[in-house]
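# Close look at the chain arrangement
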Amino acid sequence: MPDGLRADREVLEAARPSAVAALLIQVRRDGCGQLRYAPAWLRDDPTLVAAAREAALRAIKRQGWRALASGPEELMHHDAAILAAARASAIEDVSRGSHAWHFNNIQNRRREAHPLEEMPPVLRNDRAVVLASLTTRGESLMYLSEESKDDRELVLVAVGNCWDALQFASPALQADPG
């Protein structure tokens, strides 16, 4: 649509029903990630948001938290059911110590990737997910925010699981004698 017409409210409202119908088909068929490509003037449409929410919940049931990696992160921020499902899946994932394998083309070898590396920030900074991860693998501390690395409780959990995790704590906690 030409830029001049995009600014014309009447034209946008006339196009809304057909645009919503087309996007609704895509969201139902291809998942909540399709909402990311919707024009800004359509992203808040209640019908599309509801369809994206349903698609996200179905995807989480099938694939776990990774299903949201391609979807709009706003869904997790604004929808308690989606965040709860994603959080439960993430906690389960880090608790059992599952990892993905990434192929490093430069060194021509595979490396193990921790789930926290791939999680969206809303999950990577979730205290319950972080605690579950540190309880299983203390070295998970390396993937956390600087604020988390300065959190005494989190560092104690990490070091209690893996003494070597201390190297990833904040300098202040590393130097703390108590």
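My aim in this report is to walk through the structure given alongside it, one point at a time. (Residues numbered from 1 in each chain as written. Predicted model: local features only at pLDDT ≥ 70, side-chain atom pairs only at ≥ 80, totals over all residues. Heavy atoms only, no water.)

## Let's talk about the overall build of the protein
Here is the rule we go by: Helical segments are the DSSP runs of H or I of at least four residues, strand segments are the runs of E of at least two, and each set is numbered from the N terminus. Burial status follows relative accessibility: with a 1.4 Å probe on protein chains alone, a residue under 20% of its type maximum counts as buried, one over 50% as exposed, and anything between as partly exposed. Any pair of residues with heavy atoms lying within 4.5 Å of one another is described as a contacting pair. Surface accessibility in these figures is a Shrake-Rupley result with a 1.4 Å probe; residues are shielded only by whichever protein chains are displayed.
Looking only at helices and strands, one finds 11 helices and 2 strands in the protein. Put simply, the protein runs from its N terminus to its C terminus through helices and strands in the order α-α-α-α-α-β-β-α-α-α-α-α-α. Out of the 178 residues in the protein, the part that is buried amounts to 39%. Restricting the contact set of the protein to residue pairs at least 6 apart, pairs at least 24 apart contribute 49%. Accessible surface, the protein: about 10400 Å² in total, of which carbon and sulfur atoms supply 53%.

## Remarks on the packing of helix 8 (residues 127-136) against helix 10 (residues 152-161)
Here is the rule we go by: The angle between two axes is taken between their N-to-C directions and runs from 0 to 180 degrees, where each axis is a line fitted to C-alpha atoms and a helix contributes only its stretch in contact. Angle categories are assigned with fixed cut-offs, so that under 35 degrees is roughly parallel, over 145 is roughly antiparallel, 65 to 115 is roughly perpendicular, and the rest are oblique.
The N-to-C vectors of helix 8 and helix 10 enclose an angle of 25 degrees; their axes lie 7 Å apart at closest approach. Between helix 8 and helix 10, the interaxial angle falls into the category roughly parallel. Listed contacts from helix 10 to Arg127, Val130, Leu131, Leu134, Thr135 and Thr136 of helix 8 are Glu153, Leu154, Val157, Ala158 and Asn161.

## Re the side chain of Lys149
On the secondary structure map, Lys149 appears in helix 9 (residues 146-149). Lys149 gets classed as buried once you look at its relative accessible area, which sits at 12%. Beyond its immediate chain neighbours, meaning those up to four positions away, Lys149 contacts Leu141, Met142, Leu144, Val155, Phe168, Ala169, Ser170 and Leu173.

## Here we look at the side chain of Asp151
Note the following rule: Under this definition, polar contacts are N or O atom pairs within 3.5 Å; protein pairs additionally need one hydrogen-donor-capable and one acceptor-capable atom, and for neighbouring residues in sequence, both atoms have to be side-chain atoms.
By the secondary structure assignment, Asp151 is in the loop between helix 9 and helix 10. At a separation of 2.9 Å, a polar atom in the side chain of Asp151 contacts the side chain of Arg127.

## Section: the packing of helix 5 (residues 80-95) against helix 8
How we decide: By the convention adopted, Pro, Cys, Tyr, Trp, Phe, Met, Ile, Leu, Val and Ala count as nonpolar, Lys, Arg, Asp and Glu as charged, and the other residues, Gly among them, as polar.
As a packed pair, helix 5 and helix 8 sit with axes 8 Å apart at the nearest point and diverge in direction by 10 degrees. Considered as vectors, helix 5 and helix 8 are oriented roughly parallel to each other. Where helix 5 abuts helix 8, its residues Arg87, Ala90, Ile91, Val94 and Ser95 lie against Ala128, Val129, Ala132, Ser133 and Thr136. Considering only residue class, the contact of helix 5 with helix 8 consists of 6 nonpolar, 3 polar and 1 charged.

## With respect to the pattern of salt bridges
Definition in use: Between Lys or Arg on one side and Asp or Glu on the other, a salt bridge is scored when a side-chain nitrogen of the former is within 4 Å of a carboxyl oxygen of the latter.
Considering all chains together, one arrives at 6 salt bridges under this definition. One salt bridge connects Arg87 with Asp126, and the closest N-O pair in it is separated by 2.6 Å. Placement of Arg87 in helix 5 and of Asp126 in the loop between helix 7 (121-124) and helix 8 is noted, with a sequence separation of 39 residues between them. On the basis of relative accessibility, which here comes to 27%, the residue Arg87 falls in the partly exposed class.

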